[in-house]
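Chain by chain, the residues:
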Amino acid sequence: MSNPRIVLLFSGKRKCGKDYLTERLLQRLTPDRAQIVRISEPIKRCWADKLGLDLGELLGDGPYKERYRREMIEWSDGRRAEDYGFFCRAACSEGVVAAREVCIVSDVRRKTDVRFFRETFGERVRTVRIVAGEETRRERGWKFQQGVDDVQSECDLDDVTEWDLLVENEAGADVEGILARIEALL
């Protein structure tokens, strides 16, 4: 990855609004200044190649991805056990076409993800935790899945208390206000 001035790491539970907020932030900052990197992209690409699946559907937000989510998590956990930074490195090399001032990592899920980015980018890293209650997440389409919502990929960052910014993204939240708070980290 080229050397961005700031690397924003976004984390949060499924359906808390990470993708929505990071896409809105990108629009606000403009693609000339910022880019989104997704750790999940190389995971899904490798998984699709391994099983001959439709990558476009895996990258989407529909039932196709959900059908494979649990197995994909288990497989990627095995790969991370061998090399915790494997998918972070792959996301950085695949996700950056041109240098941008701000790198937005939209899907940090593990302490080792944070570790990789801090080791790689040091003081340029800022962490943002997005939270939303279960009712709000249900309204956004979340339904608890054993083996998905109760494993490391969803729970590893639950006990982290030190975030540069903690954002409550409940239904009806002031999105512009949230984006302004995130922008203040820059």
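In case you missed it, the structure is sitting above this.
Here's what I pulled together on the structure shown here.

Criteria and cut-off values
Residues numbered from 1 in each chain as written. Predicted model: local features only at pLDDT ≥ 70, side-chain atom pairs only at ≥ 80, totals over all residues. Heavy atoms only, no water. Helix = DSSP H or I, 4+ residues; strand = E, 2+ residues; numbered from the N terminus. Rg over C-alpha atoms; globule rule 2.2 N^0.38 Å. Buried < 20%, exposed > 50% of the residue type's maximum accessible area, 1.4 Å probe, protein only. Contact = heavy atoms within 4.5 Å. Areas by Shrake-Rupley, 256 points an atom, 1.4 Å probe, with all protein chains shown as cover. Axes fitted to C-alpha atoms, helices over the stretch in contact; angles between N-to-C directions. Parallel < 35°, antiparallel > 145°, perpendicular 65-115°, else oblique. Nonpolar A, V, L, I, M, F, W, Y, C, P; charged D, E, K, R; others polar. Expected span 1.5 Å × (residues − 1). Arc of directions from axis to C-beta. Pairing = 2+ DSSP bridges.

Some details on the overall build of the chain
- When its secondary structure is counted, the chain shows nine helices and five strands.
- What you see for the chain is a C-alpha radius of gyration of 16 Å, in line with the 16 Å of a compact globule of 186 residues.
- In terms of principal-axis extent, the alpha carbons of the chain reach across some 40 × 40 × 30 Å.
- Within the span of the chain, comprising 186 residues, buried residues form 45% of the whole.
- Taking as baseline every contact in the chain between residues at least 6 positions apart, the subset at least 24 positions apart corresponds to 80%.
- Roughly 9,300 Å² of accessible area belongs to the chain as shown, and the carbon and sulfur atoms make up 48% of that amount.

Structural notes on the environment of phenylalanine 117
- In this fold, phenylalanine 117 is placed in helix H6 (residues 111-121).
- The class of phenylalanine 117 is buried, set by a relative accessible area of 0%.
- Phenylalanine 117 has contacts with Val7, Leu9, Ile39, Cys88, Cys92, Val105, Gly122 and Val125, leaving out every residue within four places of it along the chain.

Let's talk about the packing of helix H2 (residues 40-51) against helix H4 (residues 63-82)
- Viewed as axis vectors pointing N to C, H2 and H4 meet at an angle of 105°, and their least axial separation amounts to 10 Å. Taken together, the axis directions place H2 and H4 in an arrangement best described as roughly perpendicular. Seen from H2, the contacting residues are Ile43, Lys44, Cys46, Trp47 and Lys50; seen from H4, they are Lys65, Tyr68, Glu71, Met72, Trp75, Ser76 and Arg80.
- Taken together, the residues of the contact of H2 with H4 sort by class into six nonpolar, one polar and five charged.

Looking at helix H1 (residues 18-29)
- When the terminal C-alpha atoms of H1 are compared, their 16 Å separation across twelve residues agrees well with the 16 Å that a helix rising 1.5 Å per residue should span.
- Looking only at H1, the buried set comprises Lys18, Leu21, Thr22, Leu25, Leu26 and Leu29. Considered in projection along H1, the buried side chains sweep an arc of 140° and stay on one side of the axis.
- For H1, the elements touching its buried residues are strand E1 (6-12), strand E2 (34-37), strand E3 (102-108), strand E4 (125-131) and helix H9 (175-183).
- Remark: threonine 30 follows H1 within two positions and exhibits a positive phi of approximately 80°.

Digging into the sheet that holds E2
- With respect to topology, five strands assemble into an open sheet ordered E2-E3-E1-E4-E5, the strand pairing being parallel. A strand with exactly one partner marks an edge of an open sheet, and here the two such strands are E2 and strand E5 (165-168). Sheet twist, expressed as the average angle between the axes of neighbouring strands with direction ignored, equals 20°.
- Here E1 pairs with E3 via five bridges, running parallel. Paired with serine 11 across the strands is valine 108, a residue of E3.
- Relative to E5, H9 is tilted by about 175°, and along the sheet it contacts E1 and E5.

Quick word on the pairing of E3
- Buried residues dominate E3, accounting for seven of its seven residues.
- Sheet analysis places E2 next to E3, joined by four bridges and oriented parallel. In the strand pairing of E3, valine 37 is matched with valine 105.

Structural notes on H2
- For H2, built from twelve residues, the straight-helix expectation of 16 Å at 1.5 Å per residue is met to within 8% by its first-to-last C-alpha distance of 16 Å.
- Taken together, the buried positions of H2 are Ser40, Pro42, Ile43, Lys44, Trp47 and Ala48.
- Glycine 52, located one to two residues past H2, shows a positive phi value of around 65°.

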